[in-house]
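Tertiary structure, described
What follows is the residue order along each chain.
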Amino acid sequence: MTNKSSWGASIFFALLVFILMSRVVTCNHGRSCVTGLTSNCHILRIAEYLASGRVDGPRDFVYDNNTGILYTGVEDGWIKKVYVKNSKTRVENWVNTGGRPLGLAWGLNNELIVADAYKGLLNVSRDGTIRLLTNTANGLKFNLTNSADVASNGIIYFTDSSYKYSLQDAELAVLDPRPYGRFMSYDPRTRKTKVLRSDLYVPGGVVVSRPDQNSVIFCESTAFKCTRYYTRTANRGRTEIFIDNLPTYPSDIKYDRQGPNYWIALVPSNMTSYYGGALATTLDGKPIAQYSDFNATCSSATRLGDYFYCVSTIFTNILTFNWRNQNLPSRTCNSPFCSRKCN
């Protein structure tokens, strides 16, 4: 990736955070916010920081249960292997996409599916071989491929935040209020790419519903919501709101089988109370809990065993803490994402 591209990516995410902070003050988007949650709003008091200075701007991560390795894509195009079970948190370069890897997901054959902002949708085999799956739909090239997930039948669902602007056009991509995002699918058997929904507002996170696999949930950042798209049964092709009235912009969504529940990573947006973190919902989209703190921010987050992990494109480490820790402050309150203060 060129220096100009790297600069553009940095500016894009910096501008995104800045605009999120300035546009929404105590949920000033004209709607009532999600409130009344069980809130852990001082997570930084017990958090640890892994791989500090060795992962520059991680956007997403996946975990290999067999090896204890966490994979994450960073600013300079590398997908890093982070040995989180190692007391010294060893970090290794694995493969470089030559672009900017954002969303990651495991494929059916243990390959890694990568949503690369510049390259498109990629397949990375276990031996590190990179293969382009798709980068165009309906004659329009992807310009900001963001997130992906894989269904049990092999279909890959993914988002392109903008077909008009790339990371090199960072300022325009963030500031333009018109919807240029798309939610799509790719079938590895037919090699066909389908646009399932268009005219979306900066779509990001994608997750296939589990355990039923009957739908896919995708989030629109600047629409403050996540939408369920049905892929099976008589409802196929229909959409409905999964959760809306979010207090700030959703960055990603992940399934947590330990709940079972979903975790929505939210970027902080309150100038007077810079809280960010992650929001937990039930499988039908009801908010149930959150982890947050002043100056905390997550672009992707979930639980893995006894630990909660959070990554952010504006930091150079991985935040983690033991969510079973009895010293983790907990209270039932209005969401600190919406309030000016969380005591």
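Residues numbered from 1 in each chain as written. Predicted model: local features only at pLDDT ≥ 70, side-chain atom pairs only at ≥ 80, totals over all residues. Heavy atoms only, no water.

1. Considering the side chain of Asn146
By secondary structure assignment, the location of Asn146 is in strand β13 (residues 145–150). Reaching out from Asn146, the side chain makes a polar contact with the side chain of Arg59 at a distance of 2.8 Å. Beyond its immediate stretch of four places on either side in the chain, Asn146 contacts Arg59, Leu102, Gly103, Ala115, Thr159, Ser161, Pro203 and Gly204. (Helix = DSSP H or I, 4+ residues; strand = E, 2+ residues; numbered from the N terminus. Polar contact = N/O pair within 3.5 Å; in protein donor to acceptor, adjacent residues only side chain to side chain. Contact = heavy atoms within 4.5 Å.)

2. A look at the sheet that holds strand β7 (residues 101–106)
Here we have four strands laid out as an open sheet, ordered β7-β8-β9-β10, and antiparallel in their pairing. Where the open sheet ends on each side, the last strands, each with one partner, are β7 and β10 (130–134). For this sheet the average axis-to-axis angle between neighbouring strands, irrespective of direction, equals 30°. Where β7 lies against strand β8 (residues 112–116), five bridges are found, and the strand directions are antiparallel. (Pairing = 2+ DSSP bridges. Axes fitted to C-alpha atoms, helices over the stretch in contact; angles between N-to-C directions.)

3. Quick word on the packing of aromatic side chains
Enumeration according to the criterion identifies 16 aromatic pairs in this entry. Note on Trp263 and Tyr291: the rings are 5.3 Å apart at their centroids and 15° apart in plane angle, and the pair reads as stacked. Taken together, the positions of Trp263 in strand β22 (residues 261–266) and Tyr291 in strand β24 (residues 287–294) put the pair 28 residues apart, joining distant regions of the chain. For the pair shown, Trp263 and Tyr291 are each scored as buried. Pairwise contacts between aromatic rings join Tyr157, Phe183, Phe218 and Tyr229 into one cluster. If you follow Lys254 out to its NZ or CZ, it ends over the ring of Phe61, 5.1 Å from the centre. Geometry around Trp323 places Arg303 over its ring, the cationic atom sitting 4.4 Å from the centre. (Phe/Tyr/Trp six-rings, centres within 6.5 Å; stacked < 30°, edge-to-face > 60°. Buried < 20%, exposed > 50% of the residue type's maximum accessible area, 1.4 Å probe, protein only. Lys NZ or Arg CZ within 6 Å of the ring centre and 35° of its normal.)

4. A look at the nonpolar core
Trp263, Tyr291, Ala301, Phe308, Cys310 and Phe321 are the most contacted members of the largest nonpolar core, which has 16 residues in total. Taken together, the elements giving at least two residues each to this core come down to β22, β23 (275–281), β26 (307–311) and β27 (318–322). Sequence-distant contacts of Ala301, that is, excluding residues within four places in its chain, are made with Phe61, Lys254, Trp263, Ala265, Ala278, Phe308, Tyr309 and Cys310. Residues Phe242, Tyr262, Ile264 and Leu279 belong to the second largest nonpolar core, which totals 14 residues. (Core = buried A, V, L, I, M, F, W, Y, C linked by side-chain atoms within 4.5 Å.)

5. Overview of the environment of Lys286
As for its position among the elements, Lys286 is in the loop between β23 and β24. If near-sequence neighbours (up to four positions away) are discounted, Lys286 is found in contact with Ala280 and Thr281.

6. Brief notes about the state of the cysteines
Evaluation of the coordinates by the stated rule reveals two disulfides. For Cys219, the disulfide goes to Cys226, at an S-S distance of 2.1 Å. Its S-S torsion of about 95° marks the bond between Cys219 and Cys226 as right-handed, since a negative value means left-handed. Judged by relative accessible area, Cys219 falls into the buried class, the value being 0%. Disulfide pairing places Cys298 opposite Cys310 at an S-S distance of 2.1 Å. When the S-S torsion is -115°, as for the bridge of Cys298 with Cys310, the disulfide is left-handed. (Disulfide = S-S within 2.5 Å.)

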